[in-house]
Amino acid sequence: MEYNTSRSKMLMPEYGRNVQRMVEYLMTIEDKDRRRKNAEAIIELMGTLNPHLKTIEDYKHKLWDHLVQMTDFKLDVDAPYPPPTPEQLYKKPEPLPYPQNHIDHRHMGRNLEGLIQKALDEKDPEKRQGLTQAIGYYMKLAYTNWHKEPVHDDMIRNELNALTNGQLQYESGGYRVHFDLRSNFKQNTGSNNNSRNNNNRNNNNRNNNNRNNNNRNNNSNNDRGGGGNGYGNNNNRKFSKNKNK
């Protein structure tokens with residue numbers, strides 16, 4: 001019995017032991033043309049055993065790279081693609097540049113600092129107050145993610161005042177927006193007049209259609225009852241008496 005510990009190491013276990021044996025036999029072939037034909041046959045078998053690789057663009061290139069890896073980068077074949085090197089495949093990625101800035105209020109995240117800075121840079125007082133209210137709502141949301149007790153507006157106002165040194169003042173109960181009622185009244189009256197006119201036109205069209213339908217029905221009844229052939233109305237029929245009786 002042959003155990004796996006006595007066998008050669010599988011460099012690509014996903015292709016199985018039989019493909020590994022074919023690759024080992026491929027390395028023993030001395031004729032270069034024959035070795036290339038056998039390598040192409042192994043590539044076709046690898047594509048059949050792993051059909052999901054065919055969904056990848058230029059999957060043959062990937063199969064040739066796997067074949068080179070299975071030979072420990074020692075395959076000498078005129079491949080249609082340049083063989084990969086161990087430095088290219090096993091190259092370690094560069095470390096990510098993590099931010100090193102200190103966050104004063106970590107439970108609220110870094111986004112709060114960006115929102116506060118944007119509100120401080122705003123020159124329009126109404127937009128600035130609107131951004132302040134949005135910052136207050138965001139702080140409430142951040143508090144509810146970490147605390148179970150309810151959040152009061154006074155606490156949000158005091159903390160935002162401390163964060164901005166009194167430059168942003170949060171208003172409890174929402175920010176009131178002032179708008180002109182006269183312009184809205186004109187728009188509403190105009191839209192109401194248009195809707196009334198449309199309703200009147202629709203009612204007139206319905207009444208005209210009903211009159212036309214009634215006229216058609218009356219004409220059809222007259223044709224059935226009082227036609228020129230005398231067969232419509234039984235009351236107008238006249239029968240001559242038989243004088244022979």
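Residues numbered from 1 in each chain as written. Predicted model: local features only at pLDDT ≥ 70, side-chain atom pairs only at ≥ 80, totals over all residues. Heavy atoms only, no water.

(A) Geometry of the overall build of the protein chain. In terms of regular secondary structure, the protein chain is built from eight helices and zero strands. Listing every helix and strand of the protein chain by position from the N terminus yields α-α-α-α-α-α-α-α. Buried residues in the protein chain amount to 19% of all 245 residues. (Helix = DSSP H or I, 4+ residues; strand = E, 2+ residues; numbered from the N terminus. Buried < 20%, exposed > 50% of the residue type's maximum accessible area, 1.4 Å probe, protein only.)

(B) Focus on the environment of K62. By the element assignment, K62 lies in helix 3 (residues 59–70). According to the relative accessible area criterion, K62 is partly exposed, its value standing at 35%. Separated by 19 residues in sequence, K62 and Y81 have C-alpha atoms that sit 9.5 Å apart. For K62, the residues in contact, after removing those within four places along its chain, are L53 and I56. (Contact = heavy atoms within 4.5 Å.)

(C) Layout of the packing of aromatic side chains. Tallying each qualifying case throughout the model produces two aromatic pairs. Residues F73 and Y90 carry aromatic rings whose centres are separated by 6.2 Å and whose planes lie at 80 degrees to one another, so their mutual orientation is edge-to-face. Within this pair, whereas F73 is found in the loop between helix 3 and helix 4 (86–89), its partner Y90 is found in the loop between helix 4 and helix 5 (111–121), the two being separated by 17 residues in sequence. What makes F73 partly exposed here is its relative accessible area of 23%. Judged by centre distance (6.3 Å) and plane angle (90 degrees), the rings of Y137 and Y170 are edge-to-face. (Phe/Tyr/Trp six-rings, centres within 6.5 Å; stacked < 30°, edge-to-face > 60°.)

(D) Highlighting the side chain of T132. Structurally, T132 can be placed in helix 6 (residues 125–146). We classify T132 as buried; its relative accessible area is 1%. Once you skip the residues sitting within four places of it in the chain, T132 turns out to touch L160, L168, Q169 and Y170.

(E) Spotlight on the pattern of salt bridges. Inspection of every chain in the model, using the stated rule, returns five salt bridges. In this structure, K32 engages D78 in a salt bridge whose closest nitrogen and oxygen atoms are separated by 3.5 Å. Of this pair, K32 sits in helix 2 (residues 32–49) while D78 sits in the loop between helix 3 and helix 4, and the two are 46 residues apart along the sequence. For K32, a relative accessible area of 37% translates into the label partly exposed. For R157, the salt bridge goes to D154, with nearest N and O atoms at 2.8 Å. (Salt bridge = Lys/Arg side-chain N within 4 Å of Asp/Glu carboxyl O.)

(F) Inspection of the packing of helix 1 (residues 17–26) against helix 2 at higher detail. Contact geometry of helix 1 with helix 2 gives a least axis separation of 10 Å together with a crossing angle of 170 degrees. Here helix 2 runs roughly antiparallel to helix 1, going by the angle between their axes. When helix 1 is examined against helix 2, the residues V19, M22, V23, Y25 and L26 are found in contact with a partner set consisting of R34, R35, N38, A39, I42, L45, M46 and L49. The residue makeup of the contact of helix 1 with helix 2, split by class, is ten nonpolar, one polar and two charged. (Axes fitted to C-alpha atoms, helices over the stretch in contact; angles between N-to-C directions. Parallel < 35°, antiparallel > 145°, perpendicular 65-115°, else oblique. Nonpolar A, V, L, I, M, F, W, Y, C, P; charged D, E, K, R; others polar.)

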